[in-house]
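Observations on the model geometry
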Amino acid sequence: MKTYIKSDSWKIIEEEFNPDNQRSSESIFSLGNGQMGQRANFEEKYSGSSLQGSYMAGVYYPDKTRVGWWKNGYPEYFAKVINSPSWINIHIRINGEELDLKKCKTEDFIRTLDMQKGLLTRSFNATLNNGVKIKAEASRFLSMNDPECGLIKYTITPLNFTGKIVVDPFIDGDVENEDSNYGEKFWNIEETKSDKDKSSLIAQTKKLDFKIAYCSTWTINGTADVKAYNTSVKAGSIIEVPAVEGKTIVFEKYTGIASSLNHNSNSLLHIAEKKATNAKSKGFDQMEKEHINRWAEIWKQSDIKIEGDIKAQQGIRFNIFHINQTYTGEDERFNIGPKGFTGEKYGGSTYWDTEAYCIPFFLATAPPHVTKNLLIYRYKHLQKAIENGAKLGFTNGAALYPMVTMNGEECHNEWEITFEEVHRNSAIAFAIYNYIRHTGDEQYLDKYGLEVLIAISRFWAQRVNWSNKKKKYVMLGVTGPNEYENNINNNWYTNQMAVWCLNYTIESLEKVKKSNSNRYNEIVEKTSFNFKEEVSLWNEIANNIHLPYNKELNIFMQQDGYMNKIQQTSDELPQEVRPINQHWSWDRILRSCFIKQADTLQGIYVLEDKFDTETIRRHFDFYEPRTLHESSLSPCVHSILAARTAKIEKAYELYLRTSRLDIDDYNNEVHEGLHITSMAGTWMSIVEGFGGKRVKEGNLHFNPVIPKKWSEFSFKITFKGDDMQIKVDKDKISITSYSKKEFNIYVYDEKITVKPQVTVSLKLKPNYYA
């Protein structure tokens, strides 16, 4: 763990510059606006260790797969969300010496991410080797109001000299990805151009022909001698200004960025120039004001307030901030990569995390179209999922959605993931169900959902086989959510969720057949669906699948043979070997009983209505002590189940872990980027954990509890068009309606009618699940 970030309810603050923390801070202080993102790299030159990162949503590179042993079915490439040309550069020379924080003495360094306003600021005093002292201040934002604009204000105040300062603002196309499989650079620079107060660059990917145009313009106070320049990969200006002791030089840089994803390729430069010049005309302060106002609108619905615990408060806002700046839901072509705009790892592509963790967040905090666009993203990839299944030998329209994708094609090249972690299909199916029960949008099932469900159910029907020995259907050679187990048989979660999918598809078929027979007939014809034969087989499988169970322990087994392992608990492991994936061989990990993340408990969480409190508690008591939480997706699910079983202090401990996973770098990997998708799980741990939010038979339920350290917490959600705030303190739960109509909810299973614009309060029952 690292604990250099200061506690603050709305800000992430780093005091004192330590080069050893620079890569981690570049991740933690990253900015985004849904269209693009930027790691917190310095504007001025920095010769120390740094992961340069400027990313454009939807722009990727199919980097040729690199594996030691090729297997049939492997994808031909791994999709990389690539480091794009850098627009933030403002290099500074002072009396002939380059400003470089690796080489000079720094004092009073402070870097701040204002999450309420979406602003990154930095200030420091520097003493260069030539003896000059300066104070520098930088402010940066990626406009949420105009998401093709990035702005920087950079000021320099000479503290002990009068002389000359040279400012070099430029756009740099000579960039690379550290994770390039073959050391290849991914961009061709087509054009660079500079005038006295304007620079531009056009870049095109070497494959797929994505094209981006950049244009930067600037202002500076006082007189300046300007010389424009450009090379084959760079465009900028050399701006020489007189430096007077005590007089501040104010430099503002306005950049417009236009992508061929959004505009005609021939007009990109014109659009980028227009964006930059319009921003300059408005001015930095006005652009900043509009940006801050947009963030105020976002926080109005998605903020969670915690009283009495500043670390908990900072943690949840950090998570909510990064989710919202990664995905805004305005473009159905985009999705949410595990690292978002904060790093290269995982390729920035789509995983099952979106459906399992992010969709619950957006369902409750954003307009319905935001979540719907995430579902339509998968619907549009259905044919690719069927093709992906066909590559692995599945037939008759059986779909296996990819584990990792940008365009619907599988692009993950680890066999135990690509071929075996098939449970991702169930998360996609469950997301359809989850969307409909939260929004009441039954038409989605007719128009999009049913086709996806049929294709997924066809996959499950072919993925199992009948075991004469067990007299059951079995599913062999899989990897469950716990990736510390590979090539196992009958993972309980995977089998149980397959059963759920089959049953839900059958139920959905009946529903659509009854409510919209014309659409039903279209789907039957389009998919060549044989109702009698296929539904009969699905029912047989669902009713006769093997679900591993230990009678002695009275618990479901994670998979066949799990109890053959030496049984240990996580507290027996010395801290110096954690995380074990950074210290143990993979062979040793696979032979151990240790669990990376919720697996059986993931299924109990998703299908909680099937289990009583004692069953949930019994499984939690067995599996949680064996779980290392070395996946970012793990602590949140365990926190929710701990709250569900009245283990409030354990729920709080796990909440702090999930909420501060990146701030405090629990797993020693923040230098690679943040864990964006698991941040939605942090939101779940409060709303579903301590807030006790559930949906049962189409009705909204709350069974809240409160940690000892908190005096109060509150959140807002929307459910079937009704907006409300839930506030919980030591004595009561209060529900405030922002709806225009009356609605019903259930609190501790008691039906409550809430009238429009009214607050209803009820006594807290802290021992409800005890």
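To keep things clear, this report deals only with the structure shown in the data block. Predicted model only: the values in this text are computed from it and were never measured. (Residues numbered from 1 in each chain as written. Predicted model: local features only at pLDDT ≥ 70, side-chain atom pairs only at ≥ 80, totals over all residues. Heavy atoms only, no water.)

Moving on, we get to the packing of helix 18 (residues 648–659) against helix 19 (residues 676–690). Packing of helix 18 against helix 19 brings their axes to within 9 Å, and their N-to-C directions diverge by 155°. The angle between the axes of helix 18 and helix 19 places the two elements in the roughly antiparallel class. Judged by the sense of rotation from one axis to the other, the crossing of helix 18 with helix 19 is left-handed. Across the interface between the two elements, Ile648, Ala651, Tyr652, Tyr655, Thr658 and Ser659 from helix 18 touch Ser678, Thr682, Ser685, Ile686 and Phe690 from helix 19. (Axes fitted to C-alpha atoms, helices over the stretch in contact; angles between N-to-C directions. Helix = DSSP H or I, 4+ residues; strand = E, 2+ residues; numbered from the N terminus. Parallel < 35°, antiparallel > 145°, perpendicular 65-115°, else oblique. Left-handed = near helix turned anticlockwise from the far one by under 90°. Contact = heavy atoms within 4.5 Å.)

Another point: the pattern of salt bridges. If you walk through the whole model with that rule in mind, you get 46 salt bridges. For the salt bridge of Asp146 with Lys275, the shortest nitrogen-to-oxygen distance reads 2.9 Å. Of the two residues, Asp146 sits in the loop between strand 12 (133–142) and strand 13 (149–158) while Lys275 sits in helix 2 (residues 268–282), which places them 129 residues apart along the sequence. The shortest N-O distance in the salt bridge between Glu451 and Lys526 comes to 2.9 Å. In this pair, Glu451 sits in helix 10 (residues 443–463) while Lys526 sits in helix 12 (residues 517–527), placing the two residues 75 residues apart along the sequence. On the basis of relative accessibility, which here comes to 5%, the residue Glu451 falls in the buried class. Where salt bridges share partners, they join Glu43, Glu44, Arg122 and Arg140 into one cluster. (Salt bridge = Lys/Arg side-chain N within 4 Å of Asp/Glu carboxyl O. Buried < 20%, exposed > 50% of the residue type's maximum accessible area, 1.4 Å probe, protein only.)

Quick look at the environment of Gln22 now. Position of Gln22 among the secondary structure elements: in helix 1 (residues 22–28). Look at Gln22 and you get buried, because its relative accessible area is 0%. Sequence separation between Gln22 and Ile156 is 134 residues; the distance between their C-alpha atoms is 22 Å. In contact with Gln22, other than residues within four places in its own chain, are Phe17, Ala40, Phe42, Tyr46, Ser49 and Arg111.

This paragraph deals with unusual backbone geometry. With an omega dihedral of -15°, the bond running from Arg578 to Pro579 counts as a cis peptide bond. With respect to the element layout, Pro579 can be found in the loop between strand 25 (555–556) and helix 14 (586–591). One non-glycine residue, Asn396, lies in the positive phi region at around 60°. Even without being glycine, Lys471 reaches a positive phi, approximately 55°. Looking at the secondary structure, you find Lys471 in the loop between strand 22 (465–467) and strand 23 (472–474).

Right, let's get into helix 16 (residues 613–623). Looking only at helix 16, the buried set comprises Thr615, Ile616, Arg617, His619, Phe620, Phe622 and Tyr623. Of the surrounding elements, those touching the buried residues of helix 16 are strand 25, helix 15 (600–606), helix 17 (634–644) and helix 18.

Here we take up the sheet that holds strand 14 (residues 163–172). A sheet is described by the order of its strands in space; here 5 strands give the open sequence 9-8-14-19-18, paired in antiparallel fashion. In the strand order of this sheet, the two ends are held by strand 9 (97–98) and strand 18 (225–230), each with one partner. Taken together, the 5 bridges between strand 8 (residues 90–94) and strand 14 define a ladder with antiparallel strand orientation. Paired with His91 across the two strands is Asp168, which belongs to strand 14. (Pairing = 2+ DSSP bridges.)

Working definition: the strands of a sheet are paired by backbone hydrogen bonds and lie parallel or antiparallel to each other. Here we have 5 strands laid out as an open sheet, ordered 21-28-29-30-33, and antiparallel in their pairing. Strand pairing shows two members of the sheet lacking a second neighbour, strand 21 (304–307) and strand 33 (759–763), which therefore form its edges. On average, each strand axis in the sheet is tilted by 15° relative to the strand beside it, whichever way the strands run. When strand 29 (residues 722–729) meets strand 30 (residues 732–737), the two strands line up antiparallel, connected through 5 bridges. When the bridges of strand 30 are listed, Ile726 appears paired with Ile735. Its contacts with the sheet put helix 3 (residues 284–302) on strand 21, strand 28 (712–719) and strand 29, and the angle it makes with strand 28 is roughly 100°.

With the rule as written, the count across this model stands at 0 disulfides. In this structure Cys215 is not part of a disulfide, and its nearest cysteine sulfur, from Cys149, lies 10 Å away. With no disulfide of its own, Cys411 lies 17 Å from the sulfur of Cys358, the closest cysteine sulfur. (Disulfide = S-S within 2.5 Å.)

This brings us to the environment of Lys730. Along the chain, Lys730 falls in the loop between strand 29 and strand 30. Separated by 17 residues in the primary sequence, Lys730 and Phe713 have C-alpha atoms spaced 9.7 Å apart. Beyond its immediate stretch of four places on either side in the chain, Lys730 contacts Ile706, Pro707, Lys708, Lys709, Trp710, Ser711 and Leu764. Polar side-chain contacts of Lys730 include one of 2.8 Å to the backbone oxygen of Lys708. From its side chain, Lys730 meets the backbone oxygen of Trp710 in a polar contact 2.9 Å long. (Polar contact = N/O pair within 3.5 Å; in protein donor to acceptor, adjacent residues only side chain to side chain.)

It is worth spelling out the side chain of Thr600 at this point. Here Thr600 shows up in helix 15. A relative accessible area of 1% places Thr600 in the buried class. The residues touching Thr600, leaving out its near neighbours within four places in the chain, are Trp492, Phe556, Met557, Gln558, His619 and Tyr623.

Attention now goes to the pairing of strand 20 (residues 249–259). In terms of residue burial, strand 20 counts as a mostly covered element, since 10 of its 11 residues are buried. Note that strand 17 (residues 211–220) and strand 20 share 9 bridges and pair antiparallel. Note on strand 20: the bridge partner recorded for Ile212 is Ser259.

Applying the stated criterion across every chain yields a total of 49 aromatic pairs. An angle of 70° between the planes, with centres 6.5 Å apart, marks the rings of Tyr562 and Phe622 as edge-to-face. With a gap of 60 residues between them, Tyr562 in the loop between strand 25 and helix 14 and Phe622 in helix 16 connect regions that are remote in the sequence. Taking relative accessible area as the criterion, Tyr562 reaches 0% and is therefore assigned buried. Between the aromatic rings of Trp710 and Phe713, the centroid separation amounts to 5.5 Å while the plane-to-plane angle is 70°, which identifies the pairing as edge-to-face. Exposure class is identical for Trp710 and Phe713. Each is buried. Among the aromatic residues, those joined into a ring-pair cluster are Tyr652, Tyr655, Phe690, Phe702, Trp710, Phe713 and Phe715. (Phe/Tyr/Trp six-rings, centres within 6.5 Å; stacked < 30°, edge-to-face > 60°.)

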